[in-house]
Amino acid sequence: MSQSIDARILTAVRAIPRGRVSTYGWIATLAGFPRQPRMVGYALRRADEVDLPWHRVVNAQGGISPRANAEWVRVQRQRLEQEGIRFDARGRIDLARFGWKGPSPRP
DNA sequence: AACCTGACTTGGC
DNA sequence: TGCCAAGCCAGGT
């Protein structure tokens, strides 16, 4: 296909439903790049798309990954809480409850 | 054109 | 539990 890696990753990110979260690893797999979660982070870092729900992507522990500008970490948590997502005392999300691994119907 | 740097995950001690 | 190495793309200097 002629789509760039970034484009495919961003497409997968856009599919995450509101009120749910996905991980770098899951998104990588959905985009067709299993075992390359770093690519997801890199793509998001470069992304400038305004409507992209980047805040719904968290790390495998259900936590928000640190980045250069710590300000965005706060923004991300705030946005997730607005969507009804709960954080535990350690600042982590219960992936078994809020995690979204793909378009397959959730039981 | 080489070199550096970033939103990660997993397996092995 | 925790630290380490490997896997590996793009854009900026």
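About the criteria used
Residues numbered from 1 in each chain as written. Chains lettered and ligands numbered in written order. Predicted model: local features only at pLDDT ≥ 70, side-chain atom pairs only at ≥ 80, totals over all residues. Heavy atoms only, no water. Near = heavy atom within 4 Å. Polar contact = N/O pair within 3.5 Å; in protein donor to acceptor, adjacent residues only side chain to side chain. Helix = DSSP H or I, 4+ residues; strand = E, 2+ residues; numbered from the N terminus. Nonpolar A, V, L, I, M, F, W, Y, C, P; charged D, E, K, R; others polar.

S.K.: Residue-level account of the protein's contact with DNA strand B, with values.
M.R.: Lining the immediate environment of DNA strand B, one finds 17 residues, of which Leu44, Asn59, Ala60, Arg67 and Ala68 sit closest. In DNA strand B, the atoms that sit within 4 Å of the protein are 43% sugar and phosphate, with bases accounting for the remainder. Within the backbone of alanine 60, one N or O atom sits 2.6 Å away from a phosphate oxygen of DNA strand B. One nitrogen or oxygen atom from the side chain of arginine 67 is found 2.9 Å from a base nitrogen belonging to DNA strand B. Looking at the surface near DNA strand B, the elements that each hand over two or more residues are helix 2 (24-30) and helix 3 (37-46). A breakdown of the residues in the surface near DNA strand B according to their chemical character gives 9 nonpolar, 4 polar and 4 charged.

None of this, on its own, says anything about what the molecule does.
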